[in-house]
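What follows is the residue order along each chain.
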Amino acid sequence: MHRPEEKPTPSIRHRRHLRTTAITIALGVAMFTVGAVGLPPSRTGRPDAPASASSSAGSARGIEALRERVRRLPKDPVSWADLGMSLVQQARTTADEASYAQAETALRRSLALQPADNLHAEIGMGALASARHQFRDALAWARKAIVTSPATPASYGVLADAHTQLGQYGEAEEAVQKMADLRPDSSSLARASYTFELRGDIVRAKALMERALRAAGTPGERAFAYTHLSSLALDSGEPATALRQAEAGLAIAPRDAGLLEARARARVAMDDREQAVADYTTAVAVAPLPQYLLELGELQQSLGHSTEAEAQYAVLRAQERIRRAGGAPADVDAIYFEADHGHPRQAVTMAEAAARERPFLAVHDAYAWALHRAGRDDEALAQAEQALALGTRSALFLYHRGAIHQALGDITAARSDLEQALAIDPSFHPLHAPAAREAIRRIDDTP
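To keep things clear, this report deals only with the structure shown in the data block. (Residues numbered from 1 in each chain as written. Predicted model: local features only at pLDDT ≥ 70, side-chain atom pairs only at ≥ 80, totals over all residues. Heavy atoms only, no water.)

Formed by 89 residues in total, the largest nonpolar core has its most connected members in Met-209, Ile-335, Tyr-336, Phe-360, Leu-361, Phe-397 and Phe-428. In this structure, Phe-428 is in contact with Ala-395, Leu-396, Tyr-399, Ala-421, Leu-422, Ala-433 and Ala-436, ignoring residues within four places of it in sequence. (Core = buried A, V, L, I, M, F, W, Y, C linked by side-chain atoms within 4.5 Å. Buried < 20%, exposed > 50% of the residue type's maximum accessible area, 1.4 Å probe, protein only. Contact = heavy atoms within 4.5 Å.)

Given a rise of 1.5 Å per residue, 21 residues ought to cover 30 Å, and the 30 Å separating the end C-alpha atoms of helix H16 (residues 306-326) matches this to within 8%. Within H16, burial applies to Ala-309, Gln-312, Tyr-313, Leu-316, Glu-320 and Arg-323. Buried residues of H16, viewed axially, fall in a sector of 95°; they line one side. Exposed and oriented more than 90 degrees from the buried face of H16 are Thr-307, Arg-321, Ile-322 and Ala-325. (Helix = DSSP H or I, 4+ residues; strand = E, 2+ residues; numbered from the N terminus. Expected span 1.5 Å × (residues − 1). Arc of directions from axis to C-beta.)

With a phi close to 65°, His-133 is a non-glycine residue in the positive phi region. Of note, His-133 is situated in the loop between helix H5 (119-131) and helix H6 (135-148). Phi at Asp-271 is positive, roughly 60°, even though this residue is not glycine. Relative to the elements of secondary structure, Asp-271 occurs in the loop between helix H13 (257-269) and helix H14 (273-286).

Contact geometry for H5 and helix H7 (residues 153-165): axes closest at 10 Å, N-to-C directions at 25°. By the angle class used here, H5 and H7 are roughly parallel. Both H5 and H7 take part in a crossing whose hand is left-handed. Across the interface between the two elements, Leu-119, Ile-123, Gly-126, Ala-127 and Ser-130 from H5 touch Ala-154, Ser-155, Val-158 and Asp-161 from H7. Classifying every residue of the contact of H5 with H7 gives 5 nonpolar, 3 polar and 1 charged. (Axes fitted to C-alpha atoms, helices over the stretch in contact; angles between N-to-C directions. Parallel < 35°, antiparallel > 145°, perpendicular 65-115°, else oblique. Left-handed = near helix turned anticlockwise from the far one by under 90°. Nonpolar A, V, L, I, M, F, W, Y, C, P; charged D, E, K, R; others polar.)

Describing an aromatic ring pair means giving the distance of the ring centres and the angle of the ring planes. Within the structure shown, the criterion is met by 4 aromatic pairs. Arranged with centres 6.5 Å apart and planes meeting at 50°, the rings of Tyr-169 and Phe-360 form a pair that is tilted. Remark: Phe-360 occurs in the loop between helix H18 (344-357) and helix H19 (361-373) and Tyr-169 occurs in helix H8 (residues 169-182); sequence separation between them is 191 residues. Between Tyr-399 and Phe-428 the ring centres are 5.8 Å apart and the planes differ by 45°, which places this aromatic pair in the tilted class. With Tyr-399 in helix H21 (residues 395-407) and Phe-428 in the loop between helix H22 (411-424) and helix H23 (432-445), the pair connects residues that are 29 residues apart, well separated along the chain. We note that Tyr-399, like Phe-428, is buried. One aromatic cluster is present, formed by Trp-369, Tyr-399 and Phe-428 through successive ring pairs. (Phe/Tyr/Trp six-rings, centres within 6.5 Å; stacked < 30°, edge-to-face > 60°.)

Set out below in structure tokens:
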């Protein structure tokens with residue numbers, strides 16, 4: 001006996017009625033999912049799924065086995081495609097650009113051996129493009145894979161990733177539903193959760209991620225679910241729950257960078273900042289991604305540890321020099337860093353380029369903040385509105401818009417945004433949360 005469907009959330013009610021499928025019956029909701037390749041975290045929208053140390057070691061062993069296989073079968077396109085995809089996953093774990101280059105070599109070798117109807121390589125190229133933030137290329141590869149095999153769920157995952165990061169949210173939802181129709185697994189449920197999270201429906205997002213956890217068949221899937229359940233708990237003002245979810249995940253994957261970050265954020269919320277530093281430090285050692293470096297640096301700065309903070313910022317500056325040399329678009333955290341700790345005008349230039357390539361809501365927020373820091377608040381407000389257009393429940397985005405409203409003299413709107421940010425998470429940022437409280441105090445003191 002199935003439960004009746006709930007009505008779609010108001011933000012998507014205008015869209016076509018969704019077909020009744022096995023997955024919507026099972027969940028009792030009109031849900032969307034996004035595919036099997038890459039799962040973006042909430043802050044940056046970066047489409048990289050965390051991987052545990054144990055799965056990383058397994059991946060390394062698997063890659064060696066695949067290398068041996070292509071040595072034995074050098075003309076087998078599937079073996080080359082499998083190697084390429086494994087290298088993409090390794091690069092996501094290690095943040096190693098060389099692994100991406102090796103992945104591309106393997107995937108293109110597969111395509112050279114089988115130029116047409118090479119599904120594995122087409123999906124792999126889409127995943128690689130997504131990981132490199134080349135989302136228009138990812139879209140093209142996803143469409144090619146769908147032509148090759150219209151019933152393969154992973155192709156719709158790549159498609160939905162690309163549409164989401166290109167700001168094409170309606171198209172992403174359609175790809176998401178197709179993925180659900182084809183295969184209602186842990187990955188689908190996790191993607192559904194993320195879709196509702198983007199729209200600010202944290203209750204449904206949590207319910208779907210809990211189902212993803214129960215359906216998880218691998219340690220990596222379980223680690224991913226725990227990471228996002230921890231984040232969703234923080235967004236619900238439940239730091240103790242966030243800590244429990246992160247620790248449950250770390251019991252499975254002790255050196256998973258995403259889980260270490262989740263526990264660090266929960267510990268900050270519970271005012272256990274020294275332990276949070278330890279978690280961030282380990283996360284950076286596992287995967288020196290800009291997000292972790294910036295969060296650790298700003299936490300150290302908030303503690304008055306200027307030397308330690310500068311050490312993280314120095315790595316970020318070195319990464320930025322490498323990015324510029326390669327001509328890749330800037331990531332969100334690089335823009336935030338330049339706006340707050342470098343040169344705001346340069347941050348604006350970086351954000352302009354990033355928004356052209358990836359008009360995702362997190363990029364709009366970074367663009368807004370860069371413009372604000374550069375003193376261009378009228379333009380900043382337009383970008384901040386785009387960042388919050390879906391109703392995303394983000395304390396950081398609301399703080400940014402509140403600061404922009406305050407700079408423009410709209411005190412009522414500023415206070416509303418700042419209070420909402422602190423209500424979502426009183427410790428949402430080690431530097432900006434105190435600034436939000438100080439801004440409210442100044443508003444209250446204004447005659």
